[in-house]
Amino acid sequence: MGLGWRGAAGTLRIRTEGSWHLLVTLLLLCGFWKAHTQTDDGKAMYFWETGPWGRCMGSDCGPGGSQSRAVWCAHVDGWTTLHTNCDQIQRPSNQRNCFRVCDWHKDLYDWKLGAWNECVPVSARTFGALRPFTCSGGEEGIQTREVGCMLNSDGSPAEDAICEYFEPKPRLEQACLIPCPQDCVVSEYSPWTSCSKTCGTGLRNRVRSVLVPPLFGGAMCQNLTEFQSCKTGPCTGPEGMYSLRVGPWSPCTLPQTRTERQVKRRKGKGQGLRERAGVKDPETRELIQKKRTRNRLNRQESPFWDIQVGYQSREVTCIHRNGSAVGRNLCAARDLPLTIQSCVLPKDCQVTDWTEWGPCSKTCVDPESPRGNRTRMRQVLQFPVGEGAECSSLEESESCEPPGEGVPPCFTYTWRTTEWSDCRVDSLLSQQDRRRSNITGLCGGGLQTREVYCVQANAELLKYLNDLREKDKNAGQTQRQQKPSVPPLLSVTFQITASRPVENRLCEGPIPNRSQLCQIPCPIDCEVSPWGAWGPCTFENCNDQAAKKGFKLRKRRITNKPTGGPGNCPHLVEAVPCEEPTCYDWQLISLDQCIPDDEKPCGPGTQLAQVLCVNSNGEEMDRSLCSASPVPDPVPCEVPCSRDCVLSDWTPWSTCSQTCSSKTIEGKQMRTRSILAYNAGEGGALCPNSSALQEVRNCNEHACTVYHWQTGPWGPCTDDPSASSLNISTAVRNRPGPCSMGMQTRKVICVRVNVGQVPPKKCPDGPRPSTVRPCQLPCKKDCIMTPFSDWTTCPVSCDPAGNAVKRKQSRKRLIIQQPSNGGQDCPEVLEEEQDCELPKVCPGFRWKTHKWRKCQLVPWFLRQNSVGAQETCGPGLQTRAVSCRQLDGTQADISECLRFAKAMPTITQHCQLPCQDDCQLTNWSKFSSCTADCVGVRTRKRALIGRSKKKDKCKNTQMYPLSETQYCPCDKYNAQPVGNWSDCILPEGGRVESVLGLKVQGDIKECGQGYRYQAMVCYDQDNRLVETLRCNSHGYIEEACIIPCPSDCKLSEWSNWSRCSKSCGSGVKVRSKWLREKPYNGGRPCPKLDHINQVYEVVPCQSDCNQYVWVAEPWSVWKVSNVDLKENCGEGVQTRKVRCMLNTIDGPSEPVEDYLCDPEEMPLGARESRLPCPEDCVLNDWGPWSRCGLPCTRTKSRVRMAYTLRSPTPGRQCPDTTDREPCSLNLNCFNYFYNITDWSTCQLSPNAVCGSGIKTRMLDCVRSDGKSVDIKYCEELNLEKKWQMNVSCVVECPVNCQLSEWSVWSECSQTCGLEGKMWRRRSVVQASQGDGRPCPSQMEQWKPCPVRPCYRWQYSPWSECRVESVVCGHGMRYRNLSCFVSDGSTEGEGLVDEELCSSLELAIDGDKQITLKEACTLPCPGECYLMEWSDWSSCVNICVKGAGVDFGSVQVRSRAVLAQEPENLLLCPDQAWESQPCTGGECYEYKWFSSTNSSRPLIWCQRSDGLNVTGGCPPMNFPLDNSSCDPPCLMPKSFCSEANICTCEEGFTEILSPTGQLDQCAPIPILEIPTAGDKRGDVKTSRAINPTLPSTILPGRTGRTWYLQPYGPDGKLKMWVYGVAAGAFVLLIFIVSMIYLACKKPKRPQRQRQQNNRLKPLTLAYDGDTDM
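To start, this report covers the structure provided alongside it. (Residues numbered from 1 in each chain as written. Predicted model: local features only at pLDDT ≥ 70, side-chain atom pairs only at ≥ 80, totals over all residues. Heavy atoms only, no water.)

### Section: a nonpolar patch on the surface
- A cluster of nonpolar side chains, contributed by Leu1627, Phe1630, Ile1631, Met1634, Ile1635, Tyr1636 and Leu1637, occupies part of the molecular surface with about 760 Å² of accessible area.
- The topology assignment puts Met1634 in helix 14 (residues 1615-1639).
- According to the relative accessible area criterion, Met1634 is partly exposed, its value standing at 44%. (Patch = residues over 30% accessible without salt bridge, like charges linked within 9 Å, V, L, I, M, F, W, Y side chains within 5 Å. Areas by Shrake-Rupley, 256 points an atom, 1.4 Å probe, with all protein chains shown as cover. Salt bridge = Lys/Arg side-chain N within 4 Å of Asp/Glu carboxyl O. Helix = DSSP H or I, 4+ residues; strand = E, 2+ residues; numbered from the N terminus. Buried < 20%, exposed > 50% of the residue type's maximum accessible area, 1.4 Å probe, protein only.)

As structure tokens, this is what we get:
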């Protein structure tokens, strides 16, 4: 109780100081009393304490467990003591039996939840005392329920601990909201009616209707009628005091005396009948019997209708104006209305019992939707007749699960794909690409596509389970009992086959990609080096030298290996036949110094040759192999004496001028020498003439008959007969492995250059290429196809005559894998079509009506006392039978028509048997035809029948017209366009997307001439919408339009590559494109262009540093400046010509521009020196400088050497033969290092658009002074090369956006009217990539539907209440069912012929219950009566505006009272109203309004939609004296003060209007400072409304509430508000300034940038354009 009380108190909001003190006092008194009672007894100071019960233990599940707890003795102060201090008698038990819960109990026990009790206010639960409460939206409450643990089998209660073991106990109470009372709200009064009397004293009435009914205990509705007496004037004659009143018809009954009267009649006339019957002969009786049988068959008696015609009657009384009945004779004499009539005896609908539940629609296991539906039905035994109750539902369904065990899984569907198509590059080419005309040889990135189709994923599994089930059925009992050791689902293996395609709509989930990028490897072309020099004449085979046939060979090597191996390279060896071949020969290395003969100091001598033994390839061999050839003899030479002429050494032989020799061409070589010192006149050897300073010899004397082997292409890979057995075994053993090996051959011929094929013996056999090589046979791939899909369903459609229309059905199959390498071809037929089987009967049902039976009158003995009644004529009733037929007329069950046919035809109708005095006429004939519309008239006729022709009254054509004439219909139609133009739509030329396969289409036509459409509408002369065919229109205006084709960005072709930017080492070369035409209409975008609309491709290039060399001619003869004619020596000048030449493998070949050679390396063209005089020492030219050792330091030096050519005469000295200079960095000594360039752009093959490429970079050798030099300088130093020169890369492919084909046009968005549209859509199959053409924005198109008139059935207004010929009483009112046409909008409906609505279901706004007549009451003069029901009010939401509280919506209608006589007011009935729930109601507010425009102030309540109402506004306390506040204080939270001024309540401030009047009371912002004791509870409601705002704290409570009032009494802001705002702004500026100063960084001193003069690699400007 303590906890419960504490919890309840926690929800109580105590707002007064007195209540708080009272609560504290009660608590203290209870504590003192308890302590006092415990201290009175010594033992009471100790009490037993218990711990919680432990876990239920036990060996068995169920009630046999036990649990224990701790028990100890405690003092009142809380400490534990001995057990003996407590009373042992009161000691609690420490052990008890319990229910041991196990896991399997979960299915046996469950929580039983009771219903929520009524919502009880929180205030009522607190001490039972109610507090004053002002309802605003709803009062907080609490509702409770019973929750207990229950045994599922019998519903018996169990311990809560059992259920709590599995699930926490559900909550026992929840917050709720009690809505505030809602008073009845009524509308304004209607205008006053006219006076109920034309003379004398009458009444005027005005009425109002109920808008909102009273809810939740609100005030009841006020009177809906207000009366006012009126007197138009005195009556000049007697008032009509009496009137005839017709009562209601009695229930339909059968006459009970009819059978008895027939029996009596038969007794009296039986003998005569028998005698009369006996008169007839047999033939007559047979004819009568046949006629009766035919009539009976024609009547089609049906067991579903038991129609009995009875009678009903009513009373006609004379009524006084005060409502009392008087004698009939007091009423004026007139024709009395009919008081008895035929009727159909009402019978309720009778149905059979429900059948058994049908099978569950779900016959398989589906985790996503595990439940299906099953239905049961019942049949109609008796259809309702007359006013009988209608039939209730004949079919009902419920959810179900698949019954039984071993239910198979449901069909599952998944996407499958065909094989990827071949990779195609042409789809990525731009419009301008010239390669579009010839796509052979294209390579690199491409696009490949495939089809996507839907298949049944688990078809094999279901087939296996079905076979297993069939096996189990056929197996014996013993076999069924044997259990397999391996589960069958795990042991089965499925053979993977192509699955049958199904409709794509069955597959869900993402569709696999239908296109992907692919790569066609680009072939690598073979690159070879230049030809090497011709080798020596050597034997074709050194091991067989008997042939004496020799060849000179020259070779070249492969520098870039091609795709497919070296067989695709040109020949690498050329041969020239030669004489005297040798395999080994001596090679001269150098000549030793000239040694004079006979040990003389000068004169003739010899030079010994230093030789090596080499083979034909120049490789050093053992000297013994050259023993067959003589060693070169010593070369004669001469050492000049001191007075002899001195000549330089011979230069090396120049390159041969020709590669071969013929009759007209000879190869020559030349060498030269120069005079270094002249002889001394006499006694010395003379210098030779100039011709002796030059020598010429023949070279390359072999004939120009060059031979080489030429190879043809490799043939196809064919089977190798020698390895067939091995291949077969390999293929069988390794089925998934590679296919067998084959053999390729090619043709090899000997070719003479510039001649053609020659015999093979002309070419050397050694370098002959092979003609056969092994190869991998390509695997055969057969065509793989899916099976045919199921035949498409045959749509059954019927023509208006009920005959089935012929349709076709089709099926398809898809190619999964195309055949290749000789595999089995695909069949040509991929789609089959056949005619659908026509149903014998077109499906459909219709009602068949049979002939009306004879008109039955009310029995004469019942109506014989009626005035003017005749026995054989008068009003009656006739019936007919109705049966169900198929469209072909065959009999069908009545239930089929109930489900599929239209409304059942009527089976009864009123009829009239004409009396003798009545005029009888034929039916009207059809109208005569019109010769033309709007011209002439048309007529129809009828004629009198029988005796009516002779009666005078029937000849009165005024009463009984025999012809009718009307103008011919004037049907004029007017066609006009309506709505907007549709999108521009291309003609339907493309294929419709397959139902079974989703294909990626290539370039679907997306542009060109199309058509746009605008709907046409047709109106008749009455501006009613009619079918467009009336205006000879097919429903559209068609107009040609153009969808502009996309144009890609167009660039020029690539320019030629520029020359490499550096002549030595790594540089760059550039080529460019420029913009020719910008893209438009969604074409491919341009790559990134520079400011002059160009795009560049820059790639690195490598220039051989020895490509261009300086070539110097020999020095000219000395020109001595100080000529000593005797000596011819002294200072002089020598000159020579220096040229830059292209260097080849055979030496410098042709002169080029000097700028191509390195200017620093250019030899001197002139030199000044001293020409030695006779007898002087003569040295040869200086040799090359030695290389400085690294690192370069001044302590190291380099030297060059010279040697003495002529010794001086005695007494003269030779200069130093050694020249030395110190090594100086960057002058004569250099460091070398590698320099790596930047990566090039991604380089593609010339035939590629995109895809895989290679990025390269170059390695330079750079001297320490920054100059690029030959790479050999770095290689000689063995510097580390740690860089990768090539890396693979990818250029993004320009994939155009790929779209699916347009879907079929959707159904029209509206079945009729002007606004209908049809849509078709497409989707993005492949988004654009790279610089591909982007996707268009238009993914859907629309066009208008043909305009169709909207027809609908509609009631006409109810007629006045008709009570036949009398003044008042019970009558009927009628309305008709008419066909209306409209254009789909809410306006402009027109009445048309009912035939146009014949195809529609007979229903009004969805209501199939058609009511065309109903009973009504016409009040008698002076009677007080209820008006007819008002229309249903608009839907109103019962809510609190802005509080988020919603109690639903309701609408109401009411009946007000009308009175005609003041004396009868006490006899008036009670007013009535009724309500019903609705949806979408509006939430209204109600406010008081006032007006002072009149002399008397007006106050009224108004709804927020502007409607003036009574009720709904909050109660207001009107001032006792209206003059105290003028105008009265009607604003919420306002009241009239003692100073007669409207002011606001506490917590609100006044806002005044410009005239000084109170405009509104605005809430004051509250700054509340609560204290520790200010605790507030909060109740969360089940409707999730906002919690109620806390009420204002009253003075005297702990804590304060300060009110900051920013507005003054005049409604303007007070001055302190502006002061606070200004202070806050200044403080904000100060804070921002301090943050800026604290975060600002100090400026750093600028450092001068160091200029780096080193050459930087050129940054590549290529941006990844794929069109390069």
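### Focus: the state of the cysteines
- For the coordinates displayed, the defined rule picks out 56 disulfides.
- Each sulfur in the disulfide pair Cys717 and Cys775 lies 1.8 Å from the other. Linking Cys717 and Cys775, the disulfide has an S-S dihedral of approximately 95 degrees and is accordingly described as right-handed. Here Cys717 is found in the loop between strand 44 (707-711) and strand 45 (718-719), whereas its partner Cys775 is found in strand 49 (residues 772-776), with 58 residues between them in sequence.
- The disulfide partner of Cys1308 is Cys1345, and the S-S distance across this bridge is 2.0 Å. Between Cys1308 and Cys1345 the sulfur-sulfur dihedral comes to about 115 degrees; the bridge is accordingly right-handed. (Disulfide = S-S within 2.5 Å.)

### Description of the sheet that holds strand 88 (residues 1350-1355)
- Read across the open sheet, the three strands follow the order 88-90-91; overall the sheet is antiparallel. In this open sheet, the two strands that pair with only one neighbour each are strand 88 and strand 91 (1390-1392). Pairwise comparison of adjacent strand axes, ignoring direction, gives a mean angle of 45 degrees for this sheet.
- Pairing of strand 88 with strand 90 (residues 1377-1382) involves six bridges; the strand directions are antiparallel. Across the sheet, the residue bridging to Tyr1351 is Val1381, located in strand 90. (Pairing = 2+ DSSP bridges. Axes fitted to C-alpha atoms, helices over the stretch in contact; angles between N-to-C directions.)

### Regarding the sheet that holds strand 18 (residues 316-320)
- One open sheet holds the five strands; their spatial order is 19-18-16-89-92, and the pairing between them is mixed. Two strands close off the open sheet at either side, each with one partner strand: strand 19 (325-326) and strand 92 (1413-1418).
- Bridge analysis of strand 16 (residues 242-246) against strand 18 gives five bridges, and the strand direction is antiparallel. Of the residues in strand 18, the one forming a bridge with Ser243 is Ile319.

### Some remarks on the nonpolar core
- Among the nonpolar cores identified, the biggest contains 17 residues, and Trp305, Ile307, Trp847 and Ile894 are the most heavily contacted of them.
- Once residues lying within four places of it in the same chain are set aside, the contact partners of Trp847 are Val882, Ser883, Ile894, Cys897, Leu898, Ala901, Lys902, Ala903, Met904 and Pro905.
- Ranked by size, the runner-up nonpolar core spans 16 residues in total, among them Trp1353, Leu1377, Val1381 and Val1392. (Core = buried A, V, L, I, M, F, W, Y, C linked by side-chain atoms within 4.5 Å. Contact = heavy atoms within 4.5 Å.)

### A word on the side chain of Lys347
- Positionally, Lys347 belongs in the loop between strand 20 (340-344) and strand 21 (350-351).
- Among the polar contacts listed, one links the side chain of Lys347 to the side chain of Gln308, at a separation of 3.2 Å.
- The contact partners of Lys347, leaving out residues within four places of it in the chain, are Asp306, Gln308, Phe383, Pro384, Val385, Gly388 and Ala389. (Polar contact = N/O pair within 3.5 Å; in protein donor to acceptor, adjacent residues only side chain to side chain.)

### Some points on the packing of aromatic side chains
- Counted under the stated rule, the structure contains eight aromatic pairs.
- Centre to centre, the rings of Tyr165 and Phe166 are 5.0 Å apart; their planes meet at 85 degrees, and the pair counts as edge-to-face.
- Aromatic side chains Phe1489 and Trp1500 sit 6.3 Å apart centroid to centroid with 20 degrees between the ring planes, which places their arrangement in the stacked category. Of this pair, Phe1489 sits in strand 99 (residues 1486-1491) while Trp1500 sits in strand 100 (residues 1498-1503), placing them 11 residues apart in sequence.
- Cation over ring: Lys1343 sits above Tyr1013, and NZ or CZ is 5.6 Å from the ring centre.
- When the ring centre of Tyr1355 is taken as origin, the NZ or CZ atom of Arg1375, which lies over that ring, is 3.4 Å away. (Phe/Tyr/Trp six-rings, centres within 6.5 Å; stacked < 30°, edge-to-face > 60°. Lys NZ or Arg CZ within 6 Å of the ring centre and 35° of its normal.)

### Here's the deal with unusual backbone geometry
- Pro1191 follows Leu1190 through a cis peptide bond whose omega is -5 degrees.
- Looking at where Pro1191 falls in the secondary structure, it is placed in the loop between strand 75 (1178-1179) and strand 76 (1197-1201).
- A positive phi is found at Asn754, a non-glycine position, where the angle reads about 65 degrees.
- With respect to the helices, strands and loops of the structure, Asn754 is situated in the loop between strand 47 (748-752) and strand 48 (756-758).
- One non-glycine residue, Asn821, lies in positive phi territory at about 55 degrees.
- In this fold, Asn821 is placed in the loop between strand 52 (815-817) and strand 53 (831-835).

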